[in-house]
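# Chain and residue survey
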Amino acid sequence: MRPSASDMSLTNGRGAADDEIIIRARDVTVRFGEKTILEDLSLDVRRGEILGFVGPSGSGKSVLLRTILGLNQKQSGTIEIFGIDYETASDAERLAVERRWGVLFQHGALFSSLTVLENIEVPMREYLDLSPALMHELARLKIDLVGLAPDAADKFPSELSGGMIKRAALARALALDPDIVFLDEPTSGLDPIGAADFDQLIMTLRDTLGLSVYMVTHDLDSLFQACDRIAVLGDRKVLVEGPLSRMLDFDHPWVNSYFHGKRARTIAAPDHVASLVEGAR
Ligand SMILES: Nc1ncnc2c1ncn2[C@@H]1O[C@H](COP(=O)(O)OP(=O)(O)O)[C@@H](O)[C@H]1O
Ligand SMILES: [Mg+2]
């Protein structure tokens, strides 16, 4: 049986030798004009993990995500995804990489003029050569996979609740059966129950599909319950990455106030936190 996220935190995850690194970012620097957003940032994402990516608002979490996806220029450094440097890759290699990732962006999750079914078919039309009937069938499978009712297929985004929109956007991110999904603040704007349900769905998909998940979030519940490892962005780089126990033990003002703040303490009972901190030593 697969260990739960909290077990893995206690045991420091799987052994490093078993882990296949599917994203390897090294010394990445991104500037907009005079403003340096990321500087010499390095980060690994491992196959099959749910990586929670946190940091203060405006620190560059979305910028890094867009840089990994090749949507922002970087000034220096390298990013390999599935062993391929997207920036220097051939068109064929880029296409192959794009077919292996799915993205749920922070804003503008769905096309408002298309139904849910049509939204999910957008990446299929772009990357696959399938008959309309087969695309409809696949799109309906994705709708089922994310826990939406079959009748959601013909609804427009304006007819859906916030939680349903996130699920539909996730279904679209899964359209090409990706190896990794990038989720930018997927539970922001959802009520706590909706957010917890979404986290549960992500964990189930990871377990059943072997999906790797890169999740930008500021949701402490997600970090405590769903994430195998966490990376914290601060001072333009990844300050610390590792299991929750590592975050709890890390000496940095922002990391400290975030993971030991009042909100964090209401999620993790003090003795639970104490045992994690103990386990990290
Ligand atoms: N295309 C852009 N041009 C100029 N500045 C940008 C651009 N995209 C993001 N920024 C700036 O980069 C910083 C980090 O933004 P962002 O990655 O969106 O933060 P967050 O960590 O909240 O996701 C912000 O100051 C933002 O204004
Ligand atoms: Mg952002």
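Residues numbered from 1 in each chain as written. Chains lettered and ligands numbered in written order. Predicted model: local features only at pLDDT ≥ 70, side-chain atom pairs only at ≥ 80, totals over all residues.

Basically, it comes down to this: UniProt positions are given in the numbering used here, feature names are shortened, and annotations may be inferred rather than shown by experiment.
Going by the annotation in an unreviewed UniProt entry, the name recorded for the protein is ABC transporter ATP-binding protein, with Aurantimonas marianensis given as the source organism. Quoted verbatim from the Sequence similarities (unreviewed entry) field of UniProt, the annotation for the protein is "Belongs to the ABC transporter superfamily."

### Examining the overall build of the protein
Put simply, the rule is: Helix numbers and strand numbers start at the N terminus; a helix is a DSSP run of H or I with at least 4 residues, a strand a run of E with at least 2. Neighbour counting defines burial: a residue surrounded by 20 or more other C-beta atoms within 10 Å of its own C-beta is buried, one with 12 or fewer is exposed, and intermediate counts give partly exposed, using backbone-placed C-beta atoms.
Tallying secondary structure elements over the protein gives twelve helices and ten strands in all. Out of the 281 residues belonging to the protein, those deemed buried represent 36%.

### Considerations on the site of ligand 1
Operational definition: Here, nearness means that the C-beta atom of a residue, built from backbone geometry, sits within 6 Å of the molecule or strand in question. Any residue that is not Ala, Val, Leu, Ile, Met, Phe, Trp, Tyr, Cys, Pro, Asp, Glu, Lys or Arg is counted as polar, Gly included; the first ten are nonpolar and the last four charged.
Within the structure, ligand 1 sits among F32, I37, G55, S57, G58, S59, G60, K61, S62 and V63. For the shell around ligand 1, the leading source of residues is helix α2 (residues 61-68), giving three residues. Each residue belonging to the shell around ligand 1 can be placed in one class, and the counts come to three nonpolar, six polar and one charged.

### Here we look at the sheet that holds strand β5 (residues 84-85)
Threshold: For two strands to be treated as a pair, DSSP must find at least two bridges joining them. What counts as a contact is two residues whose backbone-derived C-beta atoms lie within 7 Å of each other. An axis is simply a line fitted to the C-alpha atoms; with a helix, the fit covers only the stretch in contact. Between two such axes, the angle follows the N-to-C directions and lies from 0 to 180 degrees.
In spatial order, the strands read β2-β1-β4-β5; together these four strands make up an open sheet with antiparallel pairing. Two strands bound the open sheet, and with one partner strand each, they are β2 (35-46) and β5. Both strand β1 (residues 21-32) and β2 contribute to a ladder of eight bridges, which runs antiparallel. Note on β2: the bridge partner recorded for R24 is D44. Packing against the sheet, α2 makes contact with β1, β2 and β4 (76-81), and its axis sits at approximately 115° to β1.

### Some remarks on the pairing of strand β3 (residues 50-54)
The buried fraction of β3 amounts to five of the five residues, a majority that puts the element mostly inside the structure. The alternating pattern of β3 places I50, G52 and V54 and L51 and F53 on opposite faces, both of which are buried. As paired strands, β3 and strand β8 (residues 212-216) are joined by four bridges and run parallel to one another. Paired with F53 across the bridge in β8 is V216. In terms of strand pairing, β3 meets strand β9 (residues 229-234) through four bridges, oriented parallel. Looking at the pairing, V54 lines up with V232 of β9.

### A closer look at the sheet that holds β3
Strand order in the open sheet made by the six strands is β6-β7-β8-β3-β9-β10, with mixed pairing throughout. Among the strands making up the open sheet, the edge pair consists of β6 (101-104) and β10 (237-242). Sheet twist, expressed as the mean angle between neighbouring strand axes with direction ignored, is 15°. Examined bridge by bridge, β6 and strand β7 (residues 180-184) share four bridges and lie parallel to one another. In the strand pairing of β7, G102 is matched with V181.

### Digging into unusual backbone geometry
The backbone of E185 shows a phi angle near 50°, a positive value even though the residue is not glycine. Structurally, E185 is set in the loop between β7 and α7 (192-209). A tally of 19 C-beta atoms within 10 Å means that E185 is categorised as partly exposed. Phi at R236 is positive, roughly 70°, even though this residue is not glycine. Inspection of the secondary structure assignment puts R236 in the loop between β9 and β10.

### Side note on α2
Think of an α-helix as 3.6 residues a turn; residues three or four steps apart then line up on the same face. Condition: What the arc covers is the set of directions going from the helix axis to the C-beta atoms.
Regarding α2, the residues found buried are K61, L64, L65, T67 and I68. All buried residues of α2 project into a common sector of 160° when viewed along the axis, lining one side. Just downstream of α2, G70 is the residue with a positive phi angle, here 75°.

### Regarding the environment of E20
Tracing the backbone shows E20 in the loop between α1 (5-10) and β1. C-alpha of E20 to C-alpha of V45: the two residues are 25 residues apart in sequence and 8.5 Å apart in space.

### What to know about the environment of S212
Turning to its location among the elements, S212 is positioned in strand β8. For S212, a count of 23 C-beta atoms within 10 Å puts it in the buried group. Spatially, the C-alpha atom of S212 lies 9.7 Å from that of I202, the residues being ten residues apart in sequence. The contact partners of S212, leaving out residues within four places of it in the chain, are I22, V45, R47, G48, E49, D179 and I180.

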